[in-house]
Amino acid sequence: MNQPKLDLSPKVSDEVRKTTCYMCACRCGINVHLKSGKVAYIEGNRDHPVNKGVLCAKGSAGIMQVNAPSRLKAPLKRVGPRGSGAFEEISWDEALQIAADWLEPIRKDNPEKLAFFTGRDQSQSFTSLWAQSFGTPNYAAHGGFCSVNMAAAGIYTMGGAFWEFGQPDWDHTKLFMLFGVAEDHDSNPIKMGIGKIKARGARVVGVNPIRTGYNAVADDWVGITPGTDGLFILSLVHCLMKAGKIDLNYLAQFTNAPCLVNGDEKSSDFGLLLRDDDGKELVIDRATGKLAPFDQKGVKPDLAATHRHAGISHRTVMQHMAERYLTDEYAPETVAEKVGISAKRIRTLAGEIARVAFDEAFELDQEWTDFRGETHKTMQGRPVSFHAMRGISAHANGFQTCRALHVLQIILGSVEVPGGFRFKPPYPKPATAHPKPHCKVTPDSPLDGPHLGFTHGPDDLALKEDGTPARIDKAFSWENPMSSHGLMHMVISNAYAGDPYKIDTLFMYMANMSWNSSMNTGGVMKMLTDKTEDGEYVIPRIIYSDAYSSEMVAYADLILPDTTYLERHDCISLLDRPICEADAAADAIRWPVIEPDRDVRGFQSVLCELGAKLGLPAFTNDDGSQKYADYADYIVNHERKPGIGPLAGWRMGEKGLTNGRGGVNEGQLDSYIKNGGFFVEHIPEGANYYKPWNVDYQDWAVGMGLFDSPQPYLFSLYVEPMRRFQLAAEGHGDRQPPDHLRDRIKHAMDPLPMWYDPAPDNKSEEYPITALTQRPMAMYHSWGSQNAWLRQLHGHNPLYLPTKLMRENDLVDGDWARVTSPHGEITVPVLEMAALNENTVWTWNAIGKRKGAWALDENAPEATKGFLLNHLIHELLPPKGDGLRWANSDPITGQAAWFDLKVRIEKADPQSESQPSLPPIESPVGNDPGDLVWKVGK
Amino acid sequence: MTTLPTSTQKKLGLVIDLDTCVGCHACVISCKGWNTENYGAALSDTDAYGANPSGTFLNRVHSYEVQPAQGEAQLIHFPKSCLHCEDAPCVTVCPTGASYKRVEDGIVLVNESDCIGCGLCAWACPYGAREMDAVEKVMKKCTLCVDRIYNENLPEEDREPACVRTCPSGARHFGDFADPDSNVSKLSAERGGMNLMPEQGTKPVNKYLPPRPKDTLAVPEGDIDILAPYLEPVAQEAKGFLGWLDKTLEKI
Amino acid sequence: MHPAPSVIFFTVFSGVGFGLLTFLGLGYPGVTGFTAFAFFFIAYLAAVGGLISSTFHLGHPERALKAFTQWRSSWLSREGWCAVIALLTMALYGAGLVFFDQRWELLGLIGAAFSVLTVFTTSMIYTQLKTIPRWNSPLTPVMFLSYSLAAGALLSGQEPWAIILLLIASATQISLWMQGDGAFARSGTTLATATGLGPRGDVRAFEPPHTGTNYLLKEFAFTVGRKHSQKVRIISIVLMAGIPILFLLPPFSHFLAALAVASHVAGALASRWLFFAEAEHVVGLYYGKR
Ligand SMILES: Nc1nc2c(c(=O)[nH]1)N[C@H]1C(S)=C(S)[C@@H](COP(=O)(O)OP(=O)(O)OC[C@H]3O[C@@H](n4cnc5c(=O)[nH]c(N)nc54)[C@H](O)[C@@H]3O)O[C@H]1N2
Ligand SMILES: Nc1nc2c(c(=O)[nH]1)N[C@H]1C(S)=C(S)[C@@H](COP(=O)(O)OP(=O)(O)OC[C@H]3O[C@@H](n4cnc5c(=O)[nH]c(N)nc54)[C@H](O)[C@@H]3O)O[C@H]1N2
Ligand code: SF4
Ligand code: SF4
Ligand code: SF4
Ligand code: SF4
Ligand code: SF4
Ligand SMILES: [Mo]
């Protein structure tokens, strides 16, 4: 045999630079291998707390992202009509001057005329500071159309949410139940976790109308009818309560189940919790039979107590729950047909949950002390864990459904315990420890406080003196009183309608609002291009920052081209969405591992400059000079309050470097770079479970600067703030909702989870099929399509139909179908899928592209065969005949109800292109078809 | 050499776990990235931003639906790269000797400088594991990352294939099947590792772990439900429930 | 399989060329001098032309010489050797006939044998592929050989032989088609064995690994031909054997003979197109295609 001699140890690269991936909110650590200064290969960073070395397809394809021909090259000024895509390149000086000329007068006269909205921004604490300093109340990121139901329900109920703010205890859980997740923000950790628990033989249950991805590997698949999870979950709650399979100890000690609800129907406090003079919730102590504040040392809260006073019975939350959930309304037999799961299966699932939670319970030999001062010898494990995301969140009943799921977790005693669900710092943190929304505008001055936050009653709403919404998106108004993340999806339509008021400049950052991130895509394009009678655009000015030639670029007047993620500084901060793990606090940076080869600038650095140019206090020194040279300067030198900055690692303490609290350290970024781009501080053993009640954890968190003082609290099975809104709707208090909203508020703001069916509002009688989207694991929204490798995986998207609908409509693979919703119509290619709920159709999200965008050929399959469901979705519900148009949103949080989309399907003639097919936009970066032979080191 | 070695010292290969593969394509892209930059010619993409993009990949993830006789349809994600067959027909058909199976570890490789691009090896492979690069016109295939697994420029722990290193769900395992104590041999033995197309007689080294039984909680109507005792009611309605609560709390 | 014109052209013309060389080697027709030159010219034109065309199919024809190295295991390599030996011996033998008016019989026999072997080795390249059940049959070499010899007989003016061989070629071809139609099913390779998922239930291909196309799909998942296969089969048999036999029946005429040859070659090209176009590679199963 004469085999060729191989070089088995070729040089891999000249240098490895470690930074953070950007292709989704998971923010994995990456090793960027460079050859001759160019990116040669990207792999996961093994030391990184998030991904521990693994990397998803998008992360590995980063090299094609930073070299995509679609990258914007220089600032652009619109020269053609809006929407045409005709631009000329201008200098940064000119671009900044234009922006300043537009914004300066607004700030002087009426800062609310600026609406500044960002997409899946990873620098929200920074962008919000800018907006606050500008003085506009109109700031939010994408959370409102994304998953605010999940986030808000989690925080109001238990002081933290799934999303990426918590995780199952992958090391101990034995039953993992996943609701409505295709990919999520925590994508690599979820995959690692599923792999890990399956290797241990733990059971994974997927509740999802579609059986792909995680749901395909799930041991059991529950192909639920979309929009009915709340009912299903409450039926599980029914079964578990009825069988007494609930953790009474946990409920009594750590939740508001034993808290007493004011039963005095005549009182303006009716339905609120009884509190002592210090505002502490009251319970009945089983030892004494007397009222006691919940946190009194030695108190044994009584779950079953009734407090009779002045002829009125005040009953515990637990009693209210029993009354509600034990009724036959939630019996499996009652709900089975609606949810599409047999009564027997519901019982079996409940039985399995009970079996694992209680028969497979275990204890960790770890002493800990709770906030009442009681020391527990061990930690009680409940190895059942849950996770959920947009499948339950992106419905108009999503908030209550998410709440229902948290209630299920809590009655099992499986939150923050071994084997259950665990928070990642800075969570847990009660809703009351978050800011409240601020909206007070003063010309030429900053806003009175942060824009977003958590309302606890009518007083916290963002209303003007006259009771109208203070914000352009009507967040924190009576239409959606607990809209903690704002309502980005309503900004353009409200601004267009001038309701609640007109604005002058719309300033947006990384959100493809004229395409895949908007509802009613065609309508939005019209709103962005429509003119008034005097020939002005209805939305007069639009400034936009993107890094790539997206569909949205064509609809802006001024483009501020951003760098790509390997070319700039970024900060993944404990102040917004950090990279923590349940056992550790962690944050991270990005830094320019390569230099841009175009005339582009990091957006945050541009804001530093623009902020100074506008004289915004947060960005200007006393002498009027620019405060932060660039974003890196801000990251290092900004302090939220003394000792607390964007980054928690390597701060300057009295005796040298320290973590958490500490002064500014000029060498901080270098320390991060040396450490691989991130910082981790582990939670001490014994402090890492029972966090909301564990004094060791609370003390550690204070030390780290996560809070200023310990914040122990009870989980809210019963969410009191919701009751306050109900009370207002019932006529109490001086802040009163408009009459047309009273009934809805009374109904929707139920402080105990309930379920209502959003389908009839979407005309389910005429449109009986639910149409869903899922994120492909290998694509990030619209950006994947410009990636030469990824677009080969998902270059177009068929509509998947269940076998039943294929047969009924006489369809075979490759046929075309017309899909009609109450709002619109699309014609698209179909494929059959058997592992699918039989009244559900679906497609991959955001694969369809506008011709001319993303530097793709106009005949690219993304543009000819690809399509969006967004054409079928409207930001308003179909008219109900009451003369009003109701938002297609959750009535509590305003979360966009993407997944309530109802359609009808019929066979169509074969088409040459998916319909609607829109005319191409001009590409500001040219096209680059042709072959790609990529090899950096030759 | 075109003839196959009578035996190889090691049998390096992969175990792919169909029970945990979530179909994320991470392995596909990390393979593309590594092999574009490393062994042999770059993996090209023709018409990369055009109407008909087509590129060379050494590993691709399929998906299949399985309809059991009873119960719900299942979906299985199915990654596929070269199986490094013991009786590799792709090797014996090669007229130039460019295709060969390494004696020391059984890796099947293409020596690109000898390859005339006749395509015959791809015809002979039942698994579609070989792709002719459209620009370089040489046959490309999975190298089992031969330039990683022994690479002294990489830290010890990174000396494994790129696809294995990156797989988030841990569905890919690399090792020596000649060693009965290796992780891959044991996994394959425990979980019933299967050969693809055994009737083709290729004796693949790579093994696939079948998905575990699914939907076992979906007991057919009427069967005895072993979980029923866990839901034995303690009360029928709220009143009774409170009584039970009281009693139970008394005991704690 | 993708019916690449270069390969269709190659197999048909090298078959024709080596078929004629076989007859020439055996001494039919017993010509010398300029007539012999004409016959050899035609034979070489076809054989060498075919072989050259086959290199169009190569990614790196400049490395074609490397293909001679693996004669111990590779039929393609063996084919190369046989072709070169056949062409060299026949060149010597032909030189004898053309320039020296000599018929070196042994050389002719060797040349004829290697010509036949060349066609056989060519056929074995396809026959050996278990991955393409339709080809993986002893009838494949018989078909290739009978086509080649029939063409040889036709071109060398051996009318009775030509008629007999054309009939044999037709019979083999028809049997190969009939046998081939069930071959994939008989091979036992199915999506169930391909995925190993058969024991769990009915397996159906769901999403392909990518929405675009790739080398494998272009090369192996060619389905256009099959719709028309019955039509092409009839046309090809008629052209390949029917018309030539008809033209051979009347007294010999150069014109009719030329037409017969032309018709045969057209028929052979059609059937060879079908040979590829109809062939289903097992890899198609993975893509839900065959
Ligand atoms: N690869 C990749 N990762 C991403 C993103 C991306 O674009 N690509 N986007 C990021 C962003 S911004 C977000 S918000 C997250 C979203 O992460 P996910 O929430 O996982 O996102 P979706 O893909 O919308 O998945 C929704 C799932 O819910 C299911 N579903 C829909 N309706 C119902 C229902 O009524 N009940 C149940 N039980 N299930 C239902 C759908 O079938 C689908 O599987 O992903 C983030 N991560
Ligand atoms: N039908 C349907 N529609 C949906 C959803 C759904 O499930 N179904 N999901 C909704 C959800 S949850 C979300 S979050 C939205 C997401 O929608 P978008 O946030 O609009 O999604 P992207 O396509 O990621 O668009 C972001 C823009 O950011 C740009 N960008 C990328 N990198 C950079 C950078 O480094 N700097 C700058 N400045 N810009 C950059 C991209 O080019 C792109 O134009 O979609 C929503 N739309
Ligand atoms: S999951 Fe993927 S895209 Fe998201 S940060 Fe991690 S590697 Fe990047
Ligand atoms: S899988 Fe195919 S390419 Fe790999 S060794 Fe086996 S036959 Fe050869
Ligand atoms: S394509 Fe290359 S490796 Fe394959 S058989 Fe031909 S020469 Fe050998
Ligand atoms: S072993 Fe290496 S070459 Fe083979 S599939 Fe994995 S990454 Fe690709
Ligand atoms: S990386 Fe792992 S989980 Fe993802 S497709 Fe590949 S084998 Fe499957
Ligand atoms: Mo999102």
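Residues numbered from 1 in each chain as written. Chains lettered and ligands numbered in written order. Predicted model: local features only at pLDDT ≥ 70, side-chain atom pairs only at ≥ 80, totals over all residues. Heavy atoms only, no water.

**Digging into the interface of chain B and chain A**
The parts lose accessible area when they come together, and the size of an interface is often stated as this lost area. At the interface, 100 residues of chain B touch 101 residues of chain A. When chain B packs against chain A, close to 8,400 Å² is buried across both sides, 59% of that on carbon and sulfur atoms. One can count nine salt bridges joining chain B with chain A. Across the salt bridge formed by A:R286 and B:D246, the nearest N and O atoms sit 3.6 Å from each other. Counting across the interface, chain B meets chain A through 46 residue pairs in polar contact (both at pLDDT 80 or more). For the side of chain B that touches chain A, the per-class residue count stands at 47 nonpolar, 26 polar and 27 charged. (Contact = heavy atoms within 4.5 Å. Buried area = accessible area lost by both parts, 1.4 Å probe. Salt bridge = Lys/Arg side-chain N within 4 Å of Asp/Glu carboxyl O. Polar contact = N/O pair within 3.5 Å; in protein donor to acceptor, adjacent residues only side chain to side chain. Nonpolar A, V, L, I, M, F, W, Y, C, P; charged D, E, K, R; others polar.)

**With respect to the site of ligand 1**
Residue and element names in this part refer to chain A. The local shell around ligand 1 holds 31 residues, among which N208, D229, R390, Q774 and M779 are the closest. The backbone of G180 places a nitrogen or oxygen atom 3.2 Å from an oxygen atom of ligand 1. Between ligand 1 and M779, the relevant distance is 2.6 Å, taken from a nitrogen atom to a main-chain nitrogen or oxygen of the residue. With the chains in place, 100% of the 910 Å² that ligand 1 exposes on its own is no longer accessible. Elements supplying a minimum of two residues to the shell around ligand 1: α14 (390-393) and β31 (769-774). Looking at the shell around ligand 1 residue by residue, the classes come out as 15 nonpolar, nine polar and seven charged. (Near = heavy atom within 4 Å. Areas by Shrake-Rupley, 256 points an atom, 1.4 Å probe, with all protein chains shown as cover. Helix = DSSP H or I, 4+ residues; strand = E, 2+ residues; numbered from the N terminus.)

**Quick word on the interface of chain B and chain C**
Taken residue by residue, the interface counts 63 residues in chain B and 59 residues in chain C. Carbon and sulfur atoms supply 57% of the area that chain B and chain C bury against each other, a total of about 4,700 Å² over both sides. Contact with chain C buries area across many residues of chain B, yet B:Y64, B:I116 and B:W123 alone supply 17% of it, more than any other trio. Put simply, B:D114 and C:K66 hold a salt bridge, and the shortest N to O gap is 2.7 Å. The interface formed by chain B and chain C includes 32 residue pairs in polar contact (both at pLDDT 80 or more). Elements that contribute at least two residues to the side of chain B that touches chain C include exactly β3 (54-55), β4 (60-67), β5 (74-80), α3 (120-124) and β8 (130-132) of chain B. Top element by residues in the side of chain B that touches chain C is β4(B). It accounts for eight residues.

**Re the pairing of strand β16 (residues 312-316) of chain A**
Regular strands show a simple pattern: their side chains alternate between the two faces of the sheet. All names here are of chain A. Summarising the sheet, strand β12 (residues 260-261) and β16 pair through two bridges and their orientation is antiparallel. When the bridges of β16 are listed, L260 appears paired with T316. Pairing between strand β15 (residues 306-309) and β16: four bridges, direction antiparallel. Each bridged residue has a counterpart across the sheet, and for R308 the counterpart in β16 is S313. Connecting the antiparallel pair β15 and β16 is a turn made up of two residues, with A310 showing a positive phi of about 50°. (Pairing = 2+ DSSP bridges.)

**Quick word on the confidence of the model for chain C**
Averaged over all residues, the pLDDT of chain C is 94; the fraction at 70 or higher stands at 99%. Prediction confidence for the complex, expressed as pTM and ipTM, is 0.97 and 0.97 respectively. (pLDDT = per-residue confidence, 0-100.)

**As for the environment of A:D169**
All names here are of chain A. Here D169 lies in the loop between β8 (166-168) and β9 (175-179). Accessibility expressed as a relative area gives 2% for D169, which makes it buried. For D169 and G420, which are 251 residues apart along the polypeptide, the C-alpha to C-alpha distance reads 5.5 Å. (Buried < 20%, exposed > 50% of the residue type's maximum accessible area, 1.4 Å probe, protein only.)

**With respect to the pattern of salt bridges**
When their charged atoms lie close together, side chains carrying opposite charge are able to pair. Residue and element names in this part refer to chain A. Throughout the structure, instances matching the rule amount to 88 salt bridges over all chains. For R107, the salt bridge identified is with D444, shortest N-O distance 3.4 Å. Within this pair, whereas R107 is found in helix α3 (residues 92-109), its partner D444 is found in the loop between β22 (421-423) and α16 (488-497), the two being separated by 337 residues in sequence. Across the pair K474 and E479 runs a salt bridge, and its minimum N-O distance is 3.8 Å. On the basis of relative accessibility, which here comes to 28%, the residue E479 falls in the partly exposed class.

**Points about the sheet that holds β9(A)**
Sheets are built from strands paired through backbone hydrogen bonds, the pairs being either parallel or antiparallel. Residues and elements named next belong to chain A. What the four strands build is an open sheet, ordered β11-β10-β9-β21; its pairing is parallel. Taken across any chain shown, the strands that pair with only one partner, and hence form the sheet edges, are β11 (220-222) and β21 (384-388). Across the sheet, the axes of successive neighbouring strands diverge by a mean angle of 15°, strand direction being ignored. Bridge count between β9 and β21: five bridges; the pairing is parallel. (Axes fitted to C-alpha atoms, helices over the stretch in contact; angles between N-to-C directions.)

**Considering helix α12 (residues 332-339) of chain A**
Residue and element names in this part refer to chain A. Of the positions making up α12, those classed as buried are P332, V335, A336 and V339. End-on, the buried residues of α12 take up no more than an arc of 125°, which puts them together on one face. Positive phi appears at G340, one or two residues downstream of α12, with a value of about 75°. (Arc of directions from axis to C-beta.)

**Details of the site of ligand 4**
Around ligand 4 sit 13 residues, and of these B:C82, B:C85, B:C90, B:C125 and B:R130 come closest. Of the residues assigned to the shell around ligand 4, the class counts are 10 nonpolar, one polar and two charged.

**Considering the packing of helix α4 (residues 105-127) of chain C against helix α5 (residues 139-155) of chain C**
Residue and element names in this part refer to chain C. Running from N to C, α4 and α5 cross one another at 145°; their axes reach a closest spacing of 8 Å. Of the two possible hands of crossing, α4 and α5 adopt the one that is right-handed. Counting all contacts with α4, which are made through V116, V119, F120, T122, S123, M124, Y126 and T127, the residues of α5 involved are T140, P141, F144, L145, S148 and L149. Its residues assigned to classes, the contact of α4 with α5 shows nine nonpolar, five polar and no charged. (Left-handed = near helix turned anticlockwise from the far one by under 90°.)

**A look at the side chain of B:R130**
Here B:R130 shows up in strand β8. For B:R130, which is buried and forms no salt bridge, the nearest opposite charge comes from B:E112, at a distance of 9.9 Å. A distance of 2.8 Å separates polar atoms of two side chains, one belonging to B:R130 and the other to B:S99. With residues up to four places along the chain from it excluded, the contact list for B:R130 reads B:C90, B:S99, B:V108, B:V110, B:C121, B:A122, B:M139, B:K140, B:K141, C:Y215 and C:L216. (Lys, Arg positive; Asp, Glu negative; His and termini not counted.)

**Quick word on the side chain of B:D158**
Residue position: B:D158 is located in the loop between α4 (146-149) and α5 (162-166). The buried category is assigned to B:D158, whose relative accessible area is 4%. Not counting the four nearest positions on each side in its chain, B:D158 is found in contact with A:E43, A:R46, B:R148 and B:R165.

**Digging into the packing of aromatic side chains**
Residues and elements named next belong to chain A. In total, this model carries 70 aromatic pairs over all chains according to the counting rule given. A centroid spacing of 5.8 Å and a plane angle of 15° characterise the contact between Y631 and Y634, whose relative ring orientation is stacked. Of this pair, Y631 and Y634 both sit in helix α19 (residues 631-637), three residues apart, roughly one helical turn. Overall, the relative accessible area of 1% leaves Y634 in the buried class. Their ring planes at 70° and their centres at 5.7 Å tell us that W650 and F679 sit as a pair that is edge-to-face. Here the residue W650 occupies a position in the loop between α19 and β28 (651-653), and F679 occupies one in strand β30 (residues 678-682), the gap between them amounting to 29 residues. We classify W650 as buried; its relative accessible area is 18%. (Phe/Tyr/Trp six-rings, centres within 6.5 Å; stacked < 30°, edge-to-face > 60°.)

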